[in-house]
Amino acid sequence: SPGREIARQVATRGVAFALDQEYLRLLRQAGADNTLIKRIDSQGKETRTRVAATTEEKSVIDLLGRAVEFKRTWQWRQMESQCRAALRVIPQKSILHVVLGDALHSRGDIRDAISEYQAALRIDTESVEAHIDLGLALGEIGDAGGAVRELETAVRLDPNHAGAHSDLGAALSTKGDDERAITEY
């Protein structure tokens with residue numbers, strides 16, 4: 001299976017393993033959604049020139065690969081478990097908080113998901129995906145103003161992110177600002 005191939009790549013590459021295009025291809029094959037792949041790719045771009053030199057980093061990559069497999073099969077609790085295990089190893093990894101937030105959000109734990117998105121933003125204030133996901137979660141609990149603020153930040157950080165514009169349009173519409181909403185759709 002693609003998941004086993006990802007694990008094999010982690011095991012065989014050892015200290016030379018990196019979040020490269022081959023890894024992303026394997027994640028796609030394993031059924032990871034594009035948003036998650038983009039998140040991993042953006043993290044990989046930051047570290048493309050260095051390799052996962054520590055055992056901890058390699059195990060986080062393995063855990064993240066397993067989390068992707070669980071997401072593909074809608075196994076949110078297992079996905080959450082893999083993310084929590086990875087966070088015990090490297091708690092300051094923004095992407096892990098975002099992915100854990102996604103698992104919590106997917107199973108309806110909106111408040112806990114919000115806490116994870118906020119944790120991601122304490123680590124990386126420019127995480128577009130964390131701002132988007134936090135904005136969506138805030139919108140779900142009725143905080144339209146907070147949703148708009150987060151989504152505006154996401155659009156400011158990545159003006160070409162179509163999803164951020166669309167989500168901002170929806171949040172503005174919910175808030176009653178249809179005129180601005182139309183410009184974002």
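Each remark here, short or long, concerns the structure printed above.
Note on numbering: residues in each chain are counted from 1, in written sequence order. Only residues with pLDDT of at least 70 are given local features in this predicted model, and only at 80 or more are side-chain atom pairs given and counted; all residues enter the totals for whole chains, interfaces and linings. Remark: hydrogens and water are excluded; side-chain values derive from all non-hydrogen atoms of the structure.

J.: For this particular structure, what's the right way to read the pattern of salt bridges?
T.: Between side chains of opposite charge, a pair can form as their charged atoms come close. Salt bridges, as used here, are contacts in which a Lys or Arg side-chain nitrogen is within 4 Å of a carboxyl oxygen on Asp or Glu. Inspection of every chain in the model, using the stated rule, returns 5 salt bridges. The closest approach of N and O atoms between R107 and E80, which form a salt bridge, is 2.0 Å. Pair noted here: R107 is in the loop between α6 (94–106) and α7 (110–123) and E80 is in helix α5 (residues 76–89), with a separation of 27 residues, a long-range link. Here's how the labels work: a residue is buried when its accessible area is under 20% of the maximum for its type, exposed when over 50%, partly exposed in between, all with a 1.4 Å probe on protein chains only. Among the residues examined, E80 registers a relative accessible area of 11% and is labelled buried. When the shortest N-O distance is used, the salt bridge between R180 and D177 registers 4.0 Å. Put simply, E80, R84, R107 and D109 are held in one network by salt bridges that share partners. Elements are defined by DSSP. Helices are runs of H or I of four residues or more, strands are runs of E of two residues or more, and each kind is numbered from the N terminus.

J.: How should the side chain of H105 be read in this particular structure?
T.: By the secondary structure assignment, H105 is in helix α6. Overall, H105 belongs to the buried group, its relative accessible area being 16%.

J.: Would you explain the environment of E126 in this entry?
T.: Within the secondary structure, E126 sits in the loop between α7 and α8 (128–140). On the accessibility criterion, E126 (56% relative accessible area) is exposed.

J.: Whenever I open this one, α8 confuses me. Can you help?
T.: Working note: α-helix, 3.6 residues per turn, so residues spaced by three or four point in the same direction. Across its 13 residues, α8 extends 19 Å between first and last C-alpha, which sits within 8% of the 18 Å expected from 1.5 Å per residue. Most of α8 sits inside the fold, with 10 of its 13 residues counted as buried. Among the residues of α8, those classed as buried are V128, E129, A130, H131, I132, D133, L134, G135, A137 and L138. The positive-phi residue at the C-terminal boundary of α8 is G142, with phi of around 90°. By this rule, a helix spans an expected 1.5 Å times one less than how many residues it contains.

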